[in-house]
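# Structure assessment
One-letter residues, chain by chain:
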Number of protein chains: 2
Amino acid sequence: MSDSGVDKKTERHKRRMQQRKEIVDAGIARALEERGIAILYTGDGKGKTTAAMGTVARALGYGYKVVVGQFIKGAWECGEKNLLTGLPAEQFPLQWFEMGTDFTWETQDFEADRAAALSLWERLRAALADESVYLVVLDELTYALNYKWLEREEVIAAIENRPREQSVIITGRGAKQYLKDIADTVTEMRPHKHAFESGIAARKGIEW
Amino acid sequence: MSDSGVDKKTERHKRRMQQRKEIVDAGIARALEERGIAILYTGDGKGKTTAAMGTVARALGYGYKVVVGQFIKGAWECGEKNLLTGLPAEQFPLQWFEMGTDFTWETQDFEADRAAALSLWERLRAALADESVYLVVLDELTYALNYKWLEREEVIAAIENRPREQSVIITGRGAKQYLKDIADTVTEMRPHKHAFESGIAARKGIEW
């Protein structure tokens, strides 16, 4: 590249970065309210629970207290649970609760599933009322609501009335509008392509 | 609810779960190839890097060796890095590399950014050729490619020629089609709503 070419490119880059910085700075100046947020990860794509677990690692990394409740994955072995629940509790205060039944389409028993979901919900409702808890993860909550294991109004009230400093992450496919309404941040994970469809087995340590 | 109402509901639930199980089982029977996969998290929504970090925790949870390279976030403090890089290395073999410059729109210097990106890339290219590495995370790689810090062909070749058992996660906004083509799984994180836009500050331990 000629010298003037380099100069032009450098100039263009500088201008672009400057614009970007102005946008980011303006956003930071506007966004001033400090409080916990409610995040919803929904959609049919990969990465919903995984993003929630990344956030668990993030919060624990600052020593914040975290409570995780899993409405579906309970019976599966999974790597992030191995790691996160194996950490020294005084440094990384994490509580991890599961529904404790098998995958629901394995058991095919509505009453057993509902009882298990309600028992998990009792623990999570307590966490949602506990000021010392910084982050509550309601993993696959959408299933528990869409299958009518839990009362929608009660769940919404518990999330909305949580302590001001507490954040909540809700994951699961098929989130209804009322969940989008109570969330501050909503991301839809959209699948464009999945290894599974190309005949590749779910990968240990990557997908579970 | 009357007894027959309960019966009907139970029956419906059972049928639905059975259908679901058949679909899942059929998928599992089809998907047999065991090899590492390439995952791309792109789009403008939250959760791309976070999902990658959740996967890092997952892989480490089984004791697999992981290499993380961050093309943008290097200069930021972040909770998950605190946690993951602070783990006992013999049990959780993780290497974490960063570009080591400030956010690019802070520095506004193309040549300095490119040199820093190339230096990071050298380490990641070595990881992509190392059979002992189970997972390589190329965080915000899309920026490094779209800003032309790295040679596209070289990056693609290194990803495609990696060891068969190795998985790769690429994150970043604005992934071009050639990245979608080489990925086995592509998820687009679509923002429907963001706390930031409602005037809520980015939350420590949740968003960084």
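Residues numbered from 1 in each chain as written. Chains lettered and ligands numbered in written order. Predicted model: local features only at pLDDT ≥ 70, side-chain atom pairs only at ≥ 80, totals over all residues. Heavy atoms only, no water.

Applied cut-off: UniProt positions are given in the numbering used here, feature names are shortened, and annotations may be inferred rather than shown by experiment.
An unreviewed UniProt entry annotates chain A as Corrinoid adenosyltransferase of Microbulbifer yueqingensis. Quoted verbatim from the Pathway (unreviewed entry) field of the UniProt record, the comment on chain A reads "Cofactor biosynthesis; adenosylcobalamin biosynthesis; adenosylcobalamin from cob(II)yrinate a,c-diamide: step 2/7." Recorded in UniProt for chain A, the comment headed Sequence similarities (unreviewed entry) runs: "Belongs to the Cob(I)alamin adenosyltransferase family."

## Quick word on the pattern of salt bridges
The condition that has to hold: Note on definitions: salt bridges are taken to be side-chain nitrogens of Lys or Arg within 4 Å of carboxyl oxygens of Asp or Glu. Secondary structure is summarised from DSSP: a helix means a run of H or I of at least four residues, a strand means a run of E of at least two, and numbering begins at the N terminus for each. The buried label goes to any residue with under 20% of its type's maximum accessible area, the exposed label to any with over 50%, and the partly exposed label to all in between, with areas taken from a 1.4 Å probe on protein chains only.
Counted according to the given criterion, the structure contains 26 salt bridges over all chains. For B:Arg203, the salt bridge goes to A:Glu165, with nearest N and O atoms at 2.7 Å. Remark: A:Glu165 occurs in the loop between helix 7 (152-160) and strand 5 (167-171) and B:Arg203 occurs in the segment after strand 6 (185-193); the pair is interchain, linking two chains. Residue classification places B:Arg203 among the buried positions, given a relative accessible area of 4%.

## With respect to the pairing of strand 2 (residues 66-70) of chain B
Residues and elements named next belong to chain B. We apply this condition: Strand pairing is defined by DSSP finding a minimum of two bridges between the two strands.
Burial analysis of strand 2 places five of its five residues in the buried class, the great majority of the element. Taking every second residue as pointing to the same face, both faces of strand 2 are buried, with Val66, Val68 and Gln70 on one and Val67 and Gly69 on the other. In this structure, strand 2 lies alongside strand 3 (residues 94-98), joined through five bridges in parallel fashion. Of the residues in strand 3, the one forming a bridge with Gln70 is Glu98. Pairing geometry for strand 2 and strand 4 (residues 135-139), over five bridges, is parallel. Residue pairing for strand 4: Gly69 is matched across the bridge by Leu138.

## A look at the interface of chain B and chain A
Definition in use: Contacts are assigned to residue pairs with any non-hydrogen atoms lying within 4.5 Å of each other. In short, buried area is how much 1.4 Å probe accessible area vanishes from two parts on joining, totalled over both. Residues adjacent in sequence count toward polar contacts only when both atoms are side-chain atoms; beyond that, a polar contact is any pair of N or O atoms within 3.5 Å, and within protein one must be able to donate a hydrogen and the other to accept it. Nonpolar residues are Ala, Val, Leu, Ile, Met, Phe, Trp, Tyr, Cys and Pro. Charged residues are Asp, Glu, Lys and Arg, and all others, Gly as well, are polar.
Across the boundary between the two partners, chain B contributes 85 residues, which contact 86 residues of chain A. Counting each side, the surface lost to burial between chain B and chain A is near 8,000 Å², with a carbon and sulfur contribution of 58%. The three residues of chain B that bury the most area against chain A are B:Arg58, B:Tyr62 and B:Arg203, which together make up 10% of that side's buried surface. Applying the counting rule to chain B against chain A returns six salt bridges. Our enumeration of links across chain B and chain A arrives at 44 residue pairs in polar contact (both at pLDDT 80 or more). Mapped by element, the contributors of at least two residues to the side of chain B that touches chain A are helix 1 (3-30), strand 1 (38-42), helix 2 (48-61), helix 3 (79-85), helix 4 (104-107), helix 5 (110-127), helix 8 (177-182) and strand 6 of chain B. Here the residues of the side of chain B that touches chain A are counted per class, giving 36 nonpolar, 21 polar and 28 charged. As judged from the seven bridges shared by strand 6 (residues 185-193) of chain A and strand 6 of chain B, these two strands associate in the antiparallel manner.

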